[in-house]
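# Working through the structure, step by step
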Amino acid sequence: MGARQREISVSEFFTKNRHLLGFDSPRKALLTCVKEAVDNALDASEEGGILPEVIVTLEAVATGGEPTPVPSQATRFRITVVDYGPGIVREQIPPIFAKLLYGSKFHRLRMSRGQQGIGISAAALYAQLTTGRQATITSRTGKRAKPSRFRVGIELAKNAPESRDVEIDPKEEVVQGTKVVLEIEGRYQKHGRSVDEYLRQTAVANPHARIVFKDPDGVVTTHERASKALPPPAKEIKPHPYGVELGVLIRMLKETRHKHLGGFLGAEFSRVSPKVAQEICAKAGLTTMTWCAQVAREEADRLHAAIQHTRIMAPPTNCLVPIGPQQILKGLLKEIKAEFYTAETRD
């Protein structure tokens, strides 16, 4: 039995458990791939201070040398998502698209569409598994920057990117932004939980974005932007003491750059003033001058309990950015026909 044990990479795990990522049916898989690419495009544009413009194209693809089937009967589709955002630096393209659990948002306590570093790389993995075709990524970070194009796949046993540089025709015009092409097994349907409806709802919730969708029948639907105001950027905050578990607290004590407990509590957490730090330490039988490196397991346990029994102000909410009633109304007015509209933002 012992001889049969071996390590499993995260990529191998998800190949056998793709339903956990939203690929549990061909119809849902198509929607999930589009969603992940669109979410990335919107996030990148907003972080770069650029009004989002996203173009989504779906094409039915023939298999086995047969003629291209009608969209309702097709089982393979090519998804192309283009944005005119800030682009991606050349070195980052392979790991972003072909390495699960690779990203910049997981360790930041602020609102964003994606967090785990799974979305778009999972879509590329699904394409590789179902059609054997790797994702093609084209990106350019500015008018003067040289464009880059890669075919990227995932080496399953190592969860590592396999990439191949693709030469770009000098006559081809590559604008600033990113273009993602995925060929996947899927099923297309209109209405209900469809790509059409997802993009319409995205346009409602993002009235500052322009979204163009060309469906497999060749019909082009344009969701024009109703606002030129980007949402204010969400601010990054420190973790709140109430939300930190004992094991995490012990790890933070080991990794902190601060020597003394008082400085550690005030700098590593939100809403911990010098007075609150002193109160926490006193309840734990420690002082603010206790060395972090000398806090033993039992003392950390007392410190964690003291935090829970100390009154600490609620965390700041500026790590969240509501759409706002005016913006959501603009999105509703341009996308939904109704006799009455209202919107409200809660505290």
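Residues numbered from 1 in each chain as written. Predicted model: local features only at pLDDT ≥ 70, side-chain atom pairs only at ≥ 80, totals over all residues. Heavy atoms only, no water.

## Re the packing of helix 2 (residues 26–47) against helix 4 (residues 119–131)
Rules: Lines fitted to C-alpha atoms define the axes, with helix axes restricted to the stretch in contact, and inter-axis angles between N-to-C directions lie between 0 and 180 degrees. Each helix corresponds to a stretch of at least 4 residues labelled H or I by DSSP, and each strand to a stretch of at least 2 residues labelled E; elements are numbered beginning at the N terminus. Small angles under 35 degrees read as roughly parallel and large ones over 145 as roughly antiparallel, with 65 to 115 read as roughly perpendicular and the rest as oblique. A crossing counts as left-handed when the near helix is turned anticlockwise from the far one by less than a right angle, and as right-handed when that turn is clockwise. Any two residues whose heavy atoms approach within 4.5 Å at even a single point are treated as in contact. Three classes are used, and their members are as follows: Ala, Val, Leu, Ile, Met, Phe, Trp, Tyr, Cys and Pro are nonpolar, Asp, Glu, Lys and Arg are charged, and the others, Gly among them, are polar.
The N-to-C vectors of helix 2 and helix 4 enclose an angle of 140 degrees; their axes lie 8 Å apart at closest approach. Classified by the interaxial angle, the pair formed by helix 2 and helix 4 is oblique. The way helix 2 lies across helix 4 gives a crossing that is left-handed. Contacts from Ala-29, Cys-33, Glu-36, Ala-37 and Asn-40 in helix 2 reach Gly-119, Ile-120, Ala-123 and Tyr-126 in helix 4. Taken together, the residues that form the contact of helix 2 with helix 4 break down as 6 nonpolar, 2 polar and 1 charged.

## Here's the deal with unusual backbone geometry
Where we set the bar: Only protein chains enter the accessibility calculation, which uses a 1.4 Å probe; a residue is then buried when its area is under 20% of its type maximum, exposed when over 50%, and partly exposed in between.
For Asn-159, which is not glycine, the phi dihedral falls at a positive 50 degrees. The phi torsion at Arg-271 lies on the positive side, around 65 degrees, for a residue other than glycine. Secondary-structure assignment places Arg-271 in the loop between helix 7 (261–268) and helix 8 (274–283). Residue classification places Arg-271 among the partly exposed residues on the basis of a relative accessible area of 37%.

## Considerations on the sheet that holds strand 7 (residues 210–214)
Selection criterion: Strand pairing follows a simple DSSP-based rule, namely that at least 2 bridges must link the two strands.
One open sheet holds the 8 strands; their spatial order is 5-4-3-6-2-1-7-8, and the pairing between them is mixed. Two strands bound the open sheet, and with one partner strand each, they are strand 5 (160–165) and strand 8 (220–223). Across the sheet, the mean angle separating the axes of adjacent strands is 20 degrees when strand polarity is ignored. Bridging between strand 2 (residues 76–83) and strand 6 (residues 177–185) involves 8 bridges; their strand directions are antiparallel. Across the sheet, the residue bridging to Ile-79 is Leu-182, located in strand 6. Packed on one face of the sheet, helix 5 (residues 195–205) meets strand 1 (53–60), strand 7 and strand 8 and runs near 170 degrees to strand 7.

## What about the pairing of strand 8?
For strand 7 and strand 8, the ladder comprises 4 bridges, and the chain directions are antiparallel. Each bridged residue has a counterpart across the sheet, and for Phe-213 the counterpart in strand 8 is Thr-221. Here strand 7 hands over to strand 8 after 5 residues, with Gly-218 in that stretch at a positive phi of 90 degrees.

## With respect to the pairing of strand 4 (residues 148–155)
As a general feature of sheets, a regular strand has side chains that alternate between the two faces. Counting buried positions along strand 4 yields 6 of 8 residues, so the element is predominantly enclosed. Where strand 3 (residues 135–140) and strand 4 come together, 5 bridges link them in antiparallel fashion. Within strand 4, the position partnered with Thr-138 by the bridge is Arg-149. Adjacent in sequence and paired antiparallel, strand 4 and strand 5 are bridged by 4 residues, among which Asn-159 carries a positive phi angle near 50 degrees.

## What about helix 4?
Owing to its 3.6 residues per turn, the α-helix brings residues three or four apart onto one side. Short version of the rule: Multiplying one less than the number of residues by 1.5 Å gives the expected span of a helix.
In this model, helix 4 (13 residues) spans 18 Å end to end at C-alpha, consistent with the 18 Å of a helix rising 1.5 Å per residue. Counting buried positions along helix 4 yields 11 of 13 residues, so the element is predominantly enclosed. Residues Ile-120, Ser-121, Ala-122, Ala-123, Ala-124, Leu-125, Tyr-126, Ala-127, Gln-128, Thr-130 and Thr-131 constitute the buried set of helix 4. Where helix 4 terminates, the next one or two residues include Gly-132, which has phi positive at roughly 75 degrees.

## Let's talk about the nonpolar core
Note the threshold: Side-chain atoms within 4.5 Å link the members of a nonpolar core, which is a set of buried Ala, Val, Leu, Ile, Met, Phe, Trp, Tyr and Cys residues.
If you look at the biggest cluster of nonpolar residues, it comprises 49 residues, and the most contacted ones within it are Val-38 and Leu-182. Here the element with the most residues in this core is helix 2; it accounts for 9 residues. The residues contacting Leu-182, other than those within four sequence positions of it, are Cys-33, Phe-77, Arg-78, Ile-79, Ala-123, Ala-124, Ala-127 and Ala-135. Within the second largest apolar cluster, 23 residues are counted, among which are Phe-269, Val-272, Ile-280 and Leu-303.

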